[in-house]
Every structure is written in C-alpha cells, then in structure tokens.
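Structural overview for review
One-letter residues, chain by chain:
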Amino acid sequence: MTDLARYQDPLTIQRVLHTANTIAIVGLSNNELRASYFVGYYLRRHGYHVIPVNPRQTEILGQTCYPSLLDVPEPIDIVDVFRAPDALPGIARDAVAIGARVLWCQYGVINDEGARIAEDGSLTVVMDRCLKVEHARYVGRMHWLGFNTQRITSVRAGLQ
Amino acid sequence: MTDDVEQAHPFGFETRQLHAGQRPDPNTGARAVPIFQTTSYVFEDPESAAAYFNLQEYGNTYSRIMNPTVAVFEERVANLEGGAGAVAFASGISAQAAALFTLLQPGDHLVSSAALYGGTVNQFKHLLRKMSVELTWVDPDDLDAWRQAVRPNTKAFFGETIGNPAGNVLDIEPLASLAHQHDLPLIVDNTFATPYLCRPIEWGADIVIHSATKFLGGHGTSIGGVVVESGTFDWSNGRFAVVADPSPAYHGLPFHETFGTYGYLMKLRAETLRDLGAALSPFNAFLFLQGLETLSLRMERHVDNAQAVAAFLESHELASNVTYPALPASPYRPLVEKYLPRGAGAVFSFDCAGGRAGGQDFIRGVTLWSHLANVGDAKSLIIHPASTTHRQLSDDELRAAGVGPGTVRLSVGTESVDDLTWDLEQGFARVAAAAGQKVGTA
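Residues numbered from 1 in each chain as written. Chains lettered and ligands numbered in written order. Predicted model: local features only at pLDDT ≥ 70, side-chain atom pairs only at ≥ 80, totals over all residues.

**Here's the deal with the overall build of chain B**
Helices and strands together make up the secondary structure of chain B, namely 17 helices and 12 strands. The C-alpha radius of gyration computed for chain B amounts to 23 Å, which stays within 12% of the reference 22 Å derived for 442 residues, consistent with globular compactness. Across its three principal directions, the C-alpha atoms of chain B cover 85 × 55 × 35 Å. With 442 residues in all, chain B has 53% of them scored as buried. Of the contacts formed within chain B by residues at least 6 apart in sequence, a portion of 72% connects residues at least 24 apart. (Helix = DSSP H or I, 4+ residues; strand = E, 2+ residues; numbered from the N terminus. Rg over C-alpha atoms; globule rule 2.2 N^0.38 Å. Buried ≥ 20, exposed ≤ 12 C-beta atoms within 10 Å, placed from the backbone. Contact = placed C-beta atoms within 7 Å.)

**Observations concerning the overall build of chain A**
Helix and strand counts for chain A stand at five helices and seven strands. The C-alpha atoms of chain A give a radius of gyration of 15 Å, which matches the 15 Å a tight globule of 160 residues would have. In terms of principal-axis extent, the alpha carbons of chain A reach across some 45 × 35 × 25 Å. Residues classed as buried in chain A amount to 46% of the 160 residues present. Long-range pairs, those at least 24 residues apart, make up 58% of the contacts in chain A with a sequence separation of at least 6.

**Remarks on the environment of Tyr52 of chain B**
Residues and elements named next belong to chain B. Structurally, Tyr52 can be placed in helix α2 (residues 46-53). Accessibility expressed as a C-beta count within 10 Å gives 21 for Tyr52, which makes it buried. Look past the residues within four positions of Tyr52 in its chain and what remains in contact with it is Glu57, Gly59 and Thr61.

**Details of the pairing of strand β2 (residues 109-113) of chain B**
On a regular strand, each side chain points to the face opposite its neighbour's, so the side chains alternate between the two faces of the sheet. Residue and element names in this part refer to chain B. Among the five residues in β2, four count as buried, and that is most of the element. Taken together, the five bridges between β2 and strand β3 (residues 134-138) define a ladder with parallel strand orientation. Its bridge partner being in β3, Leu110 is matched across the sheet by Leu135. Traced from β2 through helix α5 (residues 118-130) to β3, the parallel crossover comes out right-handed. (Pairing = 2+ DSSP bridges. Right-handed = clockwise from strand over helix to strand, strands pointing away.)

**Digging into the domain arrangement of chain B**
Residue and element names in this part refer to chain B. Domain boundaries assigned for chain B yield domain 1 (11-291) and domain 2 (295-441). Using only C-alpha atoms to locate each centre, domain 1 and domain 2 end up separated by 30 Å. The interface is formed by 35 residues belonging to domain 1 together with 36 residues belonging to domain 2. A class-by-class count of the residues in the side of domain 1 that touches domain 2 yields 19 nonpolar, 13 polar and three charged. (Domains from an automatic or database assignment. Nonpolar A, V, L, I, M, F, W, Y, C, P; charged D, E, K, R; others polar.)

**A look at the nonpolar core**
The biggest cluster of nonpolar side chains holds 187 residues, and the ones touching the most others in it are Ala24, Val79, Val102 and Leu103 of chain A together with Phe157 and Val227 of chain B. Residue assignment places this core across two domains, with domain 1 (11-291) and domain 2 (295-441) of chain B each supplying three or more. If we ignore the near neighbours within four places in the chain, the residues touching Val79 of chain A are Ala24, Val26, Leu69, Ile91, Ala95, Ala100, Val102, Leu103 and Trp104 of chain A. (Core = buried A, V, L, I, M, F, W, Y, C linked by C-beta atoms within 7 Å.)

**A look at the sheet that holds strand β8 (residues 319-320) of chain B**
All names here are of chain B. The sheet built from five strands is open, its strands ordered β8-β9-β12-β11-β10 with mixed pairing. Where the open sheet ends on each side, the last strands, each with one partner, are β8 and β10 (370-371). With three bridges connecting them, strand β11 (residues 381-383) and strand β12 (residues 407-411) associate as antiparallel partners. Looking at the pairing, Ile383 lines up with Arg409 of β12. Contacting β9 (347-352), β10, β11 and β12, helix α15 (residues 355-365) runs over the sheet at an angle of about 35 degrees to β12. (Axes fitted to C-alpha atoms, helices over the stretch in contact; angles between N-to-C directions.)

**Comments concerning unusual backbone geometry**
Residue and element names in this part refer to chain A. Residue Asp128 is not a glycine yet carries a positive backbone phi of 60 degrees. With respect to the helices, strands and loops of the structure, Asp128 is situated in the loop between β7 (124-127) and α5 (131-138). Given 16 C-beta atoms within 10 Å, Asp128 falls into the partly exposed group.

**Brief notes about the confidence of the model for chain B**
Per-residue pLDDT for chain B has a mean of 94; in total, 98% of the residues score no lower than 70. For this predicted complex, the interface score ipTM comes out at 0.93, alongside a pTM of 0.95. (pLDDT = per-residue confidence, 0-100.)

**Structural notes on the environment of Arg16 of chain B**
All names here are of chain B. Locating Arg16 in the fold gives a position in helix α1 (residues 13-19). Owing to 19 C-beta atoms within 10 Å, Arg16 belongs among the partly exposed residues under this scheme. Taking the C-alpha atoms as reference, Arg16 lies 9.5 Å from Val77; in sequence the two are 61 residues apart.

**Section: the sheet that holds strand β1 (residues 85-89) of chain B**
All names here are of chain B. Ordered by their spatial adjacency, seven strands build an open sheet running β1-β7-β6-β5-β4-β2-β3, and the pairing between neighbours is mixed. In the strand order of this sheet, the two ends are held by β1 and β3, each with one partner. Taking the axes of each pair of neighbouring strands and ignoring which way they run, one obtains an average angle of 20 degrees across the sheet. The pairing of strand β6 (residues 207-211) with strand β7 (residues 225-229) spans five bridges and is classified as antiparallel. Bridge pairing links Ser211 to Gly225 in β7.

**Comments concerning the interface of chain A and chain B**
Each partner contributes to the interface: chain A provides 36 residues, whereas chain B provides 42 residues. Of all the secondary-structure elements, those providing two or more residues to the side of chain A that touches chain B are α1 (10-19) and α2 (35-45) of chain A. Among the elements that take part in the side of chain A that touches chain B, α1 of chain A stands out by supplying six residues, more than any other. Here the side of chain A that touches chain B is composed, by residue class, of 17 nonpolar, 13 polar and six charged.

**A short note on the packing of α1 of chain A against α5 of chain A**
Residues and elements named next belong to chain A. Contact geometry of α1 with α5 gives a least axis separation of 10 Å together with a crossing angle of 90 degrees. It follows from the interaxial angle that α1 and α5 lie roughly perpendicular. Contacts from Ile13, Gln14 and Leu17 in α1 reach Glu134, His135 and Tyr138 in α5. Taken together, the residues of the contact of α1 with α5 break down into three nonpolar, two polar and one charged. (Parallel < 35°, antiparallel > 145°, perpendicular 65-115°, else oblique.)

Here it is, written out as structure tokens:
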C-alpha cells in the first residue's frame, strides 16, 4: 500500500499553492462537465497560468494545448495529472526532464513508481488530492458551501 | 506568502465546537458569526455569476441554496461528525426527506428500523409510498432481518443511533458492513446522541441526519435540520444512476464523477435543496451556532442528570420498563459501552402504573417538567406518546416503536437534578391519588 499521508502533508500543500504560478494539466478535457475542466477553469480564475497537455486537442480554455510536457515551451511549476495511474511513471519522467517543481496527482492517480521517479528527480509529490479542493480549502471559499475544510483559526483574513 | 501557512494540529472536540467553520469576518473583524440576513448576493461580473451557477466556483447566489451564516453551521456540524460536508435544512424532517430524495427514485426500496421517531414513521409510510418508494420495516436488533430485507431495488438502510422513544441502540458497525456488502449506504439519524456522544461515520455510516432543533441547538428556540455525508461512499457502484449519471436537472452534470468526494453533497444542495426549497434561515443558523458552542458541556450535564433520573425511576414502585440504555439491566448496555461511552443521551421512556390514564395523571401532576412535543431542550420535557407524537400509529405500530399505553417519554434537561426527581415524585403522587379515588368509588 502506498503511504498516501506522506504525499498529503498540509504544510507542503499550502506552500505549493502559495508559490506556484504555472500549472500544466496533463489529461485536461475540453468537455465542460469533466472534473479536469472544472479544475482548469477554477485555477485560471484564481490567477494561475494554466497550460493544457492533451494530444487530442489544440486549444482548451482558450490556451494552446500541447501533446506532451516535453513540448511545452516555458517553465512549469506544477504538473497536475488527470490520467490513469499507470500513465504516471512516464509523466513523472517528463516532469523531471522539464525541471518542474511539483508533481500533483489528482484523486485516484496513485502510483508508487511514478512518485519515486519524481522524488528522485527532486520534485515535491502530492498524491490523491484535488488541486482545486486544496486551493479552495486554504485560499478560496470552500467553506461557503458547508464543506469541512478542517481549518481552525482565529486569524483575521484579508478581503475575499 | 508563506506567513499564511497554517500548522496542522489535531484540535479537540471542545475547540472545534467553538471554531470550526468560521474565521473572523474578513471585512469587519467581527468575532461572533455575523447574521447575513440577505436573500441574494451581488455578482462581480457576468463571468463570475455564470461560474457560480455552473458550480465552477464556490459562490453565493441565493439564500435558498446557500448563505454564509448557514454555511458556518453546516461546516461546524460536518467537522464535529467527521464528514466531508453538510447541508442544512429548515427542519430535521425536511433534511431527512432531502437526504432520501437525492438518492431515491420511484420504484426504489428502503430498509428501515421499525423503532423510530413517529414523525419519521409517518414520512416513510405515507410520503415515500406516495412517491412509489417501497419500504420494509425491520427489528433493528436483528441483523438477519436487515440482510433478508435487501432486494435488487434496495437503495439504503436507515436507523436511529438511539431509538425514539424506546431507547434501542443501533449496532452501527456490523450494519454498515452489511450495507456495504450490498453496495448500499447506511443512513443514521444521530439526533439523540449528538456527535459529542457518538459519531456514526467513524463506525462506517455514510450519511448522518440531525434534527438540529434538539440537542445541537439545545435551547428550544429554532426548527432546523442538517445532513452530513462521509464523502467515501462509491455512488458510481452501479446502483445509483440518480447520483452518478448525467443529471437532466443540472445540464447533464454527472455529480459523482465530476465532484468525487463532494458529489452527493453538491447534488443535495444544487438540486434537492434548490428544488424542495426547505432552506434554513440565517437567524436560526445563528441560534444553532450559539447552542453548538456549549454542546459538550450541555451533553455532559444532560447525561449525568439522565443517569440519575433513570436510576430514580428504576427503583420507583409506580414505574416500570425504564428504557434508558445505559442502565445495568438494559439489553443495550454492551452497545452503549461500545458506541456511547460518554453516556446514552438524555431521552428515554418508562411505563407509568395505571396505563393510559396513569400516564395522563402523571403528566397532570408534574409542575417543573414542561409538557410539550419536543426533546433536547436544556429544560426538562415530558410527554405521553400514545396521545401525542405517536397518536397516528396503529396499536401494532405502537408496539413496534416500543410505545405502550402508559408510556411517558422524558427529555432530561440540565436543571438541578434533585428538583427533577422531586417533581417526578409529584407526578407519582397524583397517579397514586387517582388510583386511590378509583378504588374508593368502586
């Protein structure tokens, strides 16, 4: 069994959210009703530069879509993966090759080999977590809809 | 930016009942939860409005569907119960209807404990049947009866943590396992236990329902309810097309596939609450939040007083069949030790000598206990179910619900316990006097 807690550390997740600018979404769909589209739309709305990676499309969310991570012509902070778990090792190798800082694997994208490849390449790995949910939990408005953010704080926040 | 990073710390129940779901208001710094008494919310721009309605962004649109004060209450209950989230409703009974309507279709089947609150019995027996949902009542203590009741069209198991008013304790863990073997969710009404005494999700339950009107609010001021979901049930297991398939009521959105952990809760809010319209008012949510802040303190006192009152009744010659499940003689004592180690709640019943007339005389005799149809108030409450809450039930249904003609239901409050037993003694004196009169005139 994968030690998922190791890849779900709240402090690591918050630092990733606060320091990233460019997010490549591997497996981003152009179907508005798919989870990946919801995540891509949300992250763009919150100011991240989202780069679609999907060999079957040329443009998603108004952004140029690339066939693979190796084709993306700019530096990437987070590689966010919406693919079957067995695709992860190959994606991890590409993420190492392009010098990404974080490999983020969405719900159910769990693969030990992929995580090890990324860690060996000095990437931070987050696994079985949703980038949108974690952003909404710590930065956004997830608590507006009655979801359990598990946050406890008496610190006054800035305007939302 | 890294100054914003919050340390992970496992906060205790008493801290979470005060803080979960709220941080000081970012605009004003208000420490108390503001009452956002507004029907609607101004959108920043057309794109934002579209994103809110498409559920692409967490945004406020209309207070029938969400409200910032109500959201604090929802998240606080979800946190205390250990769920993924919660949706509040205008009453416990509407919360229950909404939880079921979200996963049921006409022709489906529900297996339910027969030992339930009379209002729930009515809802299942009449409203669900009117919606062409089939129902099987089972003895909640008989696991084989649950197993044998499962059909191909069964969609859920339903029970109460502590049954109203018979005090039966649900054996949640094996029942949840049985439900999951059949790809079914276990729905538990946790009103009588509250998350301070029992958290059904920790024992495998999938959906928890509360009448917040009772102990969560705790002061008898407001009607409300809430549904909590674990977020771990697989609604895409093939049995729940109504949750998993593209929704015709939300432009083809497949709620479970798209929102995963939050799929059921999103559908419960964005469709069921939207279409039933039983929204909790912000003011009532505020009052419930005041109650939640002291939940653990009140429950400790409720439980201590209930234990003392139950012991008093057990030793009284005019009382029998005291159903407080924590009593040493109760058949539910082992389940109390497992599921309710901090106490078995504060609602139970006993049979007053003299049958129906005895029960009514007893209620005429007490002057401190309030004669009314509610439970879970800080004040002690008393009622005679056969002539009130369970009046619509047949004799067979009464027996199945554990109610006899002389049964008196108590909701033990937080008063000085000696005053509570003193007043009950007044009730018994009235019963004895009436019995004596009858003997004298015979």
